[in-house]
Amino acid sequence: MKMKKLTALLLATLAALAVLLAVRRDTARCARAYNRACFAYSLFFCLWSTGITLLDQRVSENITVYVAAVISVSVFVYLRPWQALVLFPVNHLVLLLFFTAFQGAPVNNTGNYLNSTVLCIVAVLLSLFRYHSKMADYQNRCTITGQAAEIQEINKQLRELVVTDTLSGLRNRRYLDAELYPRWEELLLLHRQIGVIMLDIDDFKGYNDIHGHQKGDDCIRLIAGVLAREAGAQAATILRYGGEEFTLILPGVSDTELMQTAEAIRRGVENLRLDNRPDTGLCWVTVSEGGFWCR
């Protein structure tokens, strides 16, 4: 009879484990529901084991099934603190209340009372320790994950700073050396025409000498804005190649579009009306441009 009960308990346990695994797989985002399911089955498992232990009292004072159930739940199931403080004491209280009711004759149960009580306390403490240990591990993983994300973001920002010209906000020469050449080869393999415009500011040294380097920096920023406005819509890569030199790479543009973009840039710079050196005939800041195609 006892073997039949234990076999039924084992089969119920296996069935419950299968259901819990299925619930966990289907509701991966619902940890609370999974925890409640584990708690409900643990309570059922412990009470069933306690019932078998009480039935055993008719022929012996053995509490092995109770011990095995309580230890198994405290070791293998993650319970919240309130769940552990409910499950084990309630289960133990049931055992104590009905212990003598199933015994045929009065016996000395002091040892079983003492051992089962100590076991209940140990199970609660072990469950609480495992919960807090699990929470500490979870918090550590969250911290590590957050730090890794921060490091990746910092590295991304550093890479961006390395390839960005701080004055104009455009890409710099490092970008050309590190990242543009592979992109260039990719476009050529796709048989896409690449247009290139190179320009520099006319007599920029003289402009700096007359107006000062602060005005020269402002001039660089304003011309960078013109380049971004006139070529940005064409997915162009715009670089500050040198001090007053700029390069634009325009993938997939036709010859006509490249010439139109270059002319729009030239007019845009002149329309800034930046005072230059009237004594040289250059009333406004202008740029000189050249372009070519790669097929």
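Criteria and cut-off values
Residues numbered from 1 in each chain as written. Predicted model: local features only at pLDDT ≥ 70, side-chain atom pairs only at ≥ 80, totals over all residues. Heavy atoms only, no water. Pairing = 2+ DSSP bridges. Helix = DSSP H or I, 4+ residues; strand = E, 2+ residues; numbered from the N terminus. Axes fitted to C-alpha atoms, helices over the stretch in contact; angles between N-to-C directions. Contact = heavy atoms within 4.5 Å. Buried < 20%, exposed > 50% of the residue type's maximum accessible area, 1.4 Å probe, protein only. Phe/Tyr/Trp six-rings, centres within 6.5 Å; stacked < 30°, edge-to-face > 60°. Salt bridge = Lys/Arg side-chain N within 4 Å of Asp/Glu carboxyl O. Parallel < 35°, antiparallel > 145°, perpendicular 65-115°, else oblique. Left-handed = near helix turned anticlockwise from the far one by under 90°. Nonpolar A, V, L, I, M, F, W, Y, C, P; charged D, E, K, R; others polar.

Chemist: Report on the sheet that holds strand β2 (residues 237-240), specifying residues and quantitative values.
Modeler: The strand order across the open sheet formed by 4 strands is β2-β3-β1-β6, and the pairing between neighbours is antiparallel. Edge positions in the sheet fall to β2 and β6 (287-294), since each of these pairs with one other strand and no more. Put simply, the sheet's adjacent strands are angled 15° from each other on average, direction ignored. Pairing between strand β1 (residues 194-201) and β6: 8 bridges, direction antiparallel. Looking across to β6, one finds that Met198 is bridged to Gly290. Contacting β1, β2, β3 (245-251) and β6, helix α8 (residues 213-231) crosses the sheet at an angle of about 10° to β3. Helix α9 (residues 255-270) contacts β1, β3 and β6 of the sheet and is inclined by roughly 165° relative to β6.

Chemist: Hey, could you go over helix α7 (residues 204-211) for me, with residue numbers and the actual values?
Modeler: Residues of α7 that are buried include every one of Phe204, Gly206, Tyr207 and Asn208, and no others. Once α7 finishes, Gly212 follows within two positions and takes phi at roughly 95°, a positive value.

Chemist: Please set out the packing of aromatic side chains residue by residue, giving values where relevant.
Modeler: Counted by the stated rule, this structure contains 6 aromatic pairs. Judged by centre distance (5.5 Å) and plane angle (55°), the ring pair of Phe39 and Trp82 falls under tilted. In this pair, Phe39 is assigned in helix α2 (residues 31-56) and Trp82 in helix α4 (residues 81-98), connecting sequence segments 43 residues apart. Using a relative accessible area of 14% as the deciding quantity, one classes Phe39 as buried. When its relative accessible area of 49% is taken as the criterion, Trp82 is described as partly exposed. A centroid spacing of 5.2 Å and a plane angle of 85° characterise the contact between Phe44 and Trp48, whose relative ring orientation is edge-to-face.

Chemist: So what's going on with the pattern of salt bridges? Which residues, and what values?
Modeler: Once the charged atoms of two side chains with opposite charge are near each other, the side chains can pair. Applying the stated criterion across every chain yields a total of 8 salt bridges. A salt bridge links Glu230 to Arg229; the nearest nitrogen and oxygen atoms lie 3.6 Å apart. For Glu230, a relative accessible area of 26% translates into the label partly exposed. With a shortest N-O distance of 3.4 Å, Glu263 and Arg267 are connected by a salt bridge. Of the two residues, Glu263 and Arg267 are both situated in helix α9; the distance of 4 residues between them amounts to about one turn of the helix. Accessibility expressed as a relative area gives 29% for Glu263, which makes it partly exposed.

Chemist: An account of the pairing of β3 is needed here, citing residue identities and associated values.
Modeler: Burial of β3 is extensive: 6 of the 7 residues sit out of reach of the surface. The pairing of β1 with β3 spans 7 bridges and is classified as antiparallel. Bridging from a neighbouring strand, Met198 pairs with Thr247 of β3. Note: β2 against β3, 4 bridges, orientation antiparallel. Its bridge partner lying in β3, Thr237 is registered against Ile249. Between β2 and β3, which pair antiparallel one after the other, the connecting turn spans 4 residues.

Chemist: Could you give me a rundown of the packing of helix α3 (residues 64-76) against helix α5 (residues 110-162), with the residues and numbers involved?
Modeler: Contact pair α3 / α5: the axes reach a minimum separation of 8 Å and the direction vectors enclose 15°. When the interaxial angle is binned, α3 and α5 end up roughly parallel. For α3 against α5, the interelement crossing comes out left-handed. The segment α3 lies against α5, with Tyr66, Val67, Val70, Ile71, Ser74, Val75 and Phe76 engaging Ser116, Leu119, Cys120, Ala123, Leu126, Ser127 and Arg130. Along the lines of polarity and charge, the residues of the contact of α3 with α5 split into 10 nonpolar, 3 polar and 1 charged.

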